[in-house]
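Here's the letter readout for the chains.
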Amino acid sequence: MKTLSEAIRHREFVVTAELSPRKGTIVANFIKTVHALKDKVHAINITDNQRAVMRMSSLVASYLVLREGVDPVYQITCRDRNRLALQSDLLGASVLGIRNVLALTGDHPSAGDAPEAKPVFDLDATTLLQTIGKLNTGVDLNDHPLKGATSFFAGAALTPQTSPLEPALLALERKIHAGAQFFQTQPVFDAGAFASFMEKIAAFRVPVMAGILLLHSAEQAINLNAHVPGIKIPDVLIKRLAASPDPHAEGIDIAAGLIGELKQSAQGVHIMTVGQEKDIHSILERI
Amino acid sequence: MIVTDIKPVQEVLDALGGYRKVFVVGCGSCATASRTGGEEECTAWLQELERSGKEPAGFFVPEETCHVFLLKSMIRQSEAAASADAFLVLACGAGIQAVSAATDKPVVAGLNSMFLGTTYRAGEFLKYCSLCGSCVLSSTAGICPVTRCPKGLLNGPCGGMVNGMCEVDNTVACVWVDIYERLKSRDQQKSMTRINKPKSAGNARHRKVEPQRIARKAHP
Ligand code: SF4
Ligand code: SF4
């Protein structure tokens, strides 16, 4: 299997999965899951205290992924670390052999399980991308020389179905100026709307992997619509899940169908299964 | 002006601990406008001290409490203040520290200092500035993201913006959408593609080189 950057360079349809490190120190199941995804996906994204819920370090978990022979996408947010910690973690990641980084601003701590935590945001996704660009050229953010540069393939997040769209597009353009080489999006549920979004940003010629969120019941979908900012699951899909005798299989069907349609417009897909990673196999089989 | 909030009574009483005779200092500027440290609030505290079995020594409301020389002379001239075991100060942190610098007696804080506010109308304040020490308003359409974005982002909006509202509170507009709209009204929205450099930590806590004291001469 090609690595993420090779697959993108060869314009292959890229498949990435997403995995959250455990909250705790027992990693056997995590490693088993990684192992099961080997040779099925190009890379696995490792979330960084996702939704501001404290978990094991994404840097260490990314290394565990790499050690299993899978290409990790090390997610790093600006919420918990200032510019010193971000840069030193990135140098460490580089030494461990991690090549892909997804530079994120990060959710506000108020969303998570330690809402009283001090939000850092010393940098933001854009200036973090710029910083990675500098590390790649052998200097740090303040232009001090490094003994050995990094060689990261840096990406960023994208919200295709947001409104108003124009400020988000300006922010996207800024991230491209800052050096983003690929984008992974928030969950997409409408392939048509995604395709017209892609036309709007066609001039930028950046590889975009559309986010796919596996649904497994109508209640879950309703819940997501109500509680997760930016998620808009259309009624038709909720009705399909509600009417199905096997909503779990229906969810897999929906995901596979979406991926099929997105093949026209996206460079790949980024599959988020929130704990149901074993279903990725079934989704991929059905495309 | 500095917007303040009244501390819970019990927290203040706990801090007053064993001090019996308490003198209350309000503030005639921001805390009066904030309705947290004017004559009315000082009088209410005198009654509260009475109820709690303490001895209210009296009160005054200086024109501006954040003025050490003024406070020194007012305390010197007040017998009631001189007789007190402790001062309870209903002013911002700068005012409380001015009292603390003007007397050797213990000083207890009666207010929490919240932000540098813009007065919308009497009694209504907008959290608009956090005194960051390197103002970015010239490049953000006169709207402060350091203070009004909960993440203080210099390059927004972030991915959490939904329908123009903020990820952290969906009843509040995303300040970066406000900035965008203001720029667009002048057809300058393209300027948002410029990257704002990371800020110096500026006036944030623990900065090594900070103006501990700024002295300016009056115009001749
Ligand atoms: S940029 Fe700094 S100084 Fe300017 S309004 Fe915002 S917090 Fe205040
Ligand atoms: S939604 Fe807007 S105001 Fe809220 S955190 Fe993101 S950029 Fe800041």
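Residues numbered from 1 in each chain as written. Chains lettered and ligands numbered in written order. Predicted model: local features only at pLDDT ≥ 70, side-chain atom pairs only at ≥ 80, totals over all residues. Heavy atoms only, no water.

**Q** When you look at the overall build of chain B in this model, what are you seeing that I'm missing?
**A** The number of helices and strands found in chain B is eight helices and seven strands. Whereas a compact globule of 220 residues would reach a radius of gyration of roughly 17 Å, chain B reaches 21 Å, over 25% beyond that. Taken along the three principal axes of its C-alpha coordinates, chain B extends 65 × 45 × 30 Å. Residue burial in chain B is summarised as follows: out of 220 residues, 40% are buried. Once local pairs closer than 6 in sequence are excluded, the contacts in chain B between residues at least 24 apart make up 59%. Surface exposure of chain B reaches about 12400 Å², of which carbon and sulfur atoms provide 51%. Charge-centre separation for chain B: the mean point of 26 positive side chains lies 12 Å from the mean point of 21 negative side chains. (Helix = DSSP H or I, 4+ residues; strand = E, 2+ residues; numbered from the N terminus. Rg over C-alpha atoms; globule rule 2.2 N^0.38 Å. Buried < 20%, exposed > 50% of the residue type's maximum accessible area, 1.4 Å probe, protein only. Contact = heavy atoms within 4.5 Å. Areas by Shrake-Rupley, 256 points an atom, 1.4 Å probe, with all protein chains shown as cover. Lys, Arg positive; Asp, Glu negative; His and termini not counted. Charge placed at Lys NZ, Arg CZ, Asp CG, Glu CD.)

**Q** What is the right way to look at the interface of chain A and chain B in this model?
**A** Quoted interface sizes are often the accessible area lost when the parts come together. Listed by partner, the interface residues are 30 residues for chain A and 29 residues for chain B. Considering only the surface of chain A that becomes buried against chain B, Pro167(A), Leu170(A) and Arg174(A) emerge as the three largest contributors, covering 25% of it. Our count for the contact surface shared by chain A and chain B stands at two salt bridges. Among the salt bridges present, the one from Lys184(B) reaches Glu166(A), with a minimum N-O distance of 3.4 Å. At the boundary of chain A with chain B, the tally comes to 13 residue pairs in polar contact (both at pLDDT 80 or more). For the side of chain A that touches chain B, the elements supplying multiple residues, two or more each, are helix 5 (125-137) and helix 6 (165-177) of chain A. Looking at the side of chain A that touches chain B, the element that brings in the most residues is helix 6 of chain A, giving eight residues. Partitioned by chemical class, the residues of the side of chain A that touches chain B number ten nonpolar, twelve polar and eight charged. (Buried area = accessible area lost by both parts, 1.4 Å probe. Salt bridge = Lys/Arg side-chain N within 4 Å of Asp/Glu carboxyl O. Polar contact = N/O pair within 3.5 Å; in protein donor to acceptor, adjacent residues only side chain to side chain. Nonpolar A, V, L, I, M, F, W, Y, C, P; charged D, E, K, R; others polar.)

**Q** How do you make sense of the sheet that holds strand 1 (residues 2-6) of chain B when you look at a structure like this?
**A** Note: strands within a sheet are paired through backbone hydrogen bonds, in either parallel or antiparallel orientation. All names here are of chain B. Strand order in the open sheet formed by three strands is 1-6-7, with antiparallel pairing between adjacent strands. Sheet topology places strand 1 and strand 7 (124-129) at the edges, where each strand pairs with a single neighbour. Within this sheet the neighbouring strands show an average axis-to-axis angle of 65°, counted without direction. Relative to strand 7, strand 6 (residues 111-121) runs antiparallel, the two sharing five bridges. In the strand pairing of strand 7, Leu116 is matched with Cys129. (Pairing = 2+ DSSP bridges. Axes fitted to C-alpha atoms, helices over the stretch in contact; angles between N-to-C directions.)

**Q** Would you take a moment to explain the site of ligand 1 for this structure?
**A** All residues in the neighbourhood of ligand 1 are listed as Tyr128(B), Cys129(B), Ser130(B), Leu131(B), Cys132(B), Cys135(B), Val136(B), Leu137(B), Cys144(B), Val146(B) and Thr147(B). Those elements that place two or more of their residues in the shell around ligand 1 are strand 7 and helix 7 (145-148) of chain B. (Near = heavy atom within 4 Å.)

**Q** Can you walk me through the pairing of strand 2 (residues 21-25) of chain B in this structure?
**A** A regular strand carries its side chains on alternate faces of the sheet. All names here are of chain B. With respect to burial, strand 2 is a largely interior element, four of its five residues being buried. In this structure, strand 2 lies alongside strand 3 (residues 55-60), joined through five bridges in parallel fashion. Bridging from a neighbouring strand, Val24 pairs with Phe59 of strand 3. Inspection of the sheet shows strand 2 paired to strand 4 (residues 86-89) by four bridges, in the parallel sense. Pairing of Val22 across the sheet is with Ala86, part of strand 4.

**Q** Just checking my understanding: could you explain the domain arrangement of chain B for this structure?
**A** Its domain assignment divides chain B into domain 1 (2-114) and domain 2 (134-198). Relative to domain 2 of chain B, the C-alpha centre of domain 1 of chain B lies at a distance of 39 Å. (Domains from an automatic or database assignment.)

**Q** Before we go on, may I ask you to explain the packing of aromatic side chains in this structure?
**A** The geometry of an aromatic ring pair comes down to the distance between the two centres and the angle between the two planes. As enumerated under the stated definition, the model contains four aromatic pairs over all chains in all. Summarising the aromatic geometry, the rings of Phe153(A) and Phe182(A) are spaced 5.0 Å apart at their centres and angled 25° between planes, so their arrangement reads as stacked. Residue Phe153(A) is found in strand 5 (residues 153-158), and its partner Phe182(A) is found in strand 6 (residues 182-187); the two are separated by 29 residues along the sequence. Accessibility expressed as a relative area gives 12% for Phe153(A), which makes it buried. Seen from their ring centres, Phe23(B) and Phe87(B) are 5.8 Å apart, and the 70° between their planes marks the pair as edge-to-face. Residue Phe23(B) is found in strand 2, and its partner Phe87(B) is found in strand 4; the two are separated by 64 residues along the sequence. Judged by its relative accessible area of 1%, Phe23(B) is buried. Among the residues examined, Phe87(B) registers a relative accessible area of 0% and is labelled buried. For the cation-ring pair, Arg174(A) lies above Trp176(B), with the distance from its terminal atom to the ring centre recorded as 5.7 Å. (Phe/Tyr/Trp six-rings, centres within 6.5 Å; stacked < 30°, edge-to-face > 60°. Lys NZ or Arg CZ within 6 Å of the ring centre and 35° of its normal.)

**Q** I tried to follow the sheet that holds strand 2 of chain B on my own but got confused; where do I start?
**A** Residue and element names in this part refer to chain B. A sheet is described by the order of its strands in space; here four strands give the open sequence 3-2-4-5, paired in parallel fashion. Looking at which strands have only one partner, the edges of the open sheet turn out to be strand 3 and strand 5 (107-109). Across the sheet, the axes of successive neighbouring strands diverge by a mean angle of 25°, strand direction being ignored. Along the sheet, helix 3 (residues 39-51) makes contact with strand 2, strand 3 and strand 4, crossing strand 3 at roughly 170°.

**Q** Where do I start with the pairing of strand 2 (residues 43-46) of chain A in this structure?
**A** Residue and element names in this part refer to chain A. Of the two faces of strand 2, the one carrying Ala43 and Asn45 and the one carrying Ile44 and Ile46 are both buried. Across four bridges, the pairing between strand 1 (residues 14-19) and strand 2 is parallel. Paired with Thr16 across the two strands is Ala43, which belongs to strand 2. For the crossover that starts at strand 1, traverses helix 2 (residues 28-37) and ends in the parallel strand 2, the hand is right-handed. Note: strand 2 against strand 3 (residues 71-77), four bridges, orientation parallel. Each residue of the ladder has a partner; that of Asn45, found in strand 3, is Val73. Viewed along the sheet, the connection from strand 2 through helix 3 (residues 58-67) into strand 3 turns out right-handed. (Right-handed = clockwise from strand over helix to strand, strands pointing away.)

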